[in-house]
Structure formats: structure tokens, C-alpha cells
Amino acid sequence: MKFFIDTANLDQIKEAQDLGILDGVTTNPSLMAKEGITGHDNIMKHYVNICNIVDGDVSAEVIATDFEGMVREGEALADLHDQIVVKLPMIKDGIKACKYFTDKGVKTNLTLVFSPGQALLAAKAGATYVSPFIGRLDDISTDGLNLIAEIRMIYDNYGFETEILAASVRHTMHVIDCAKLGADVMTGPLSSIVGLLKHPLTDLGLEQFLADYKKGN
Ligand code: E4P
């Protein structure tokens, strides 16, 4: 399972990268705004800064909602760095743009996916990643994890190679449940990654081992 961090915060990206277990980064316009990164040029520079920290794929989202605009923006994003994955919204022109980039060998991530039918279309268009938003489904009392299970079944039935990128992950249990269900990738905040480290018995056991060592030395 690949671990992506879902942030535009460079310090948090560095912290996850330093752990040695980071496989990539996802961003979106809201995450950029949260870090105060505004304006086309600053946003483009920020993507390059992120690529220079991590080794893996970095999803960069287009703002356009029409095919021509998505192609124009996506090409500019892909030209920034070879780690960039063009992130496209799950709308009709997003599917068309996905197929366009697939045919050109450019990696894509279909975002804002909330149903198995949308995920099926993403796979048909050859998306590299499909991003079902599990947290936002949970927010409206719908089982986000069930969507991961449904997409897994559909993709396995037909051998689709599109990777299931469980997005809108909010906490450690989402990560564990996604792993059980066979999501290929998860993207979440730093807390959902480092939170996996925690167990009181680990802390207690280590404390005891160190105390016992000191007794004999
Ligand atoms: C994924 O690519 C999105 O950026 C993200 O996971 C959305 O998460 P949220 O629902 O916590 O905003």
C-alpha cells in the first residue's frame, strides 16, 4: 500500500519524507489556500518545491472545468516536473481530458469520486489513480469504506490497472480499513500516518526494557 500525504505544507511533507515511508503527495486548491499559496506563479513554484522534497508522485489539480482548459493547464503542470500527476475533476470533460492525457502517457488522478460508476469511468479512461473521498461520504452518513470495497471488486473483476487512491482519509482507522479492503494508496493528513505508530504497550514495554537495562549497568 502506498502512503501519500494530503497537504501543501512543506514542513509536514518533509517530516513524512524523513520517516522514509512516503510514496507521494496529493494537493488540491483548498490545501494550497490553507498554506497561503495564492496566484498562478506561486502555486506553480510550490508544486516544484514539493517535488523537490519527495521522491514519488505529486498530484496537481487543474482549475479549468472545460476540456480545452484542462488540457492547457494539465500540460503546463506536467511540464513542471516528471513527478507531477495531473489531477482532474470527475466530470464529463474531466473524463475526456483523462483519456487525452492517458494517450499521451501523462499520469492522471481523477478526483471528487463518490460512486462506483464514476470509478468505472475513470478506469475506462485509463486514469492512473482514482480518488474516492471516503471521509466526505462518512460526513453525510454514507459508508465511505463500502465505496472502496465496491471499486476494488469492480476493478478486480476486469483487471483494471487504475490504482484506488483512498482520499479524504481522516484518521488511522481509515488507513487500516482501507488496507484491509485492498486500496492501492491512501492519502491523508500527517496525523493519520504518524498516528499509526502509537500504542501504549509499546511505550510501556520500552520504558520497562530501558529500566531493566539500567539495573544491570
Ligand atoms: C484528495 O486528493 C483530497 O485532496 C483530499 O483527500 C480531500 O480531503 P478532505 O475531505 O479531508 O478535504
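This one's a predicted model, so the numbers in the text were calculated from it and none came from an experiment.

Undergrad: Explain the nonpolar core here, please?
TA: Considering soluble globular proteins, one finds that nonpolar side chains tend to be buried as a cluster. Core analysis: the biggest nonpolar cluster contains 57 residues, and Ile5, Val25, Leu88, Leu110 and Tyr155 have the highest contact counts within it. Broken down by element, the residue count for this core peaks at six residues, all from helix 8 (residues 144–158). Dropping the residues within four chain positions of it, Val25 is found in contact with Phe4, Ile5, Thr7, Ile13, Ile50, Val54, Asp57, Val58 and Ser59. Counting seven residues, the second largest nonpolar core, distinct from the first, contains Val85, Tyr129, Phe133 and Val185.

Undergrad: Before we go on, may I ask you to explain the packing of aromatic side chains in this structure?
TA: Remark: the centre distance and the inter-plane angle together describe each pair of aromatic rings, the angle taken between the planes. This structure, assessed with the given rule, holds six aromatic pairs. Both rings, one in Phe4 and one in Tyr129, keep their centres 5.6 Å apart while their planes meet at 75°; by these two values the pair is edge-to-face. Of this pair, Phe4 sits in strand 1 (residues 2–6) while Tyr129 sits in strand 6 (residues 129–132), and the two are 125 residues apart along the sequence. The residues Phe4 and Tyr129 share a single accessibility class, namely buried. Grouped by ring-pair contacts, the aromatic residues Phe67, Tyr100 and Phe101 constitute a single cluster.

The rules behind the values
Residues numbered from 1 in each chain as written. Predicted model: local features only at pLDDT ≥ 70, side-chain atom pairs only at ≥ 80, totals over all residues. Heavy atoms only, no water. Core = buried A, V, L, I, M, F, W, Y, C linked by side-chain atoms within 4.5 Å. Buried < 20%, exposed > 50% of the residue type's maximum accessible area, 1.4 Å probe, protein only. Helix = DSSP H or I, 4+ residues; strand = E, 2+ residues; numbered from the N terminus. Contact = heavy atoms within 4.5 Å. Phe/Tyr/Trp six-rings, centres within 6.5 Å; stacked < 30°, edge-to-face > 60°.

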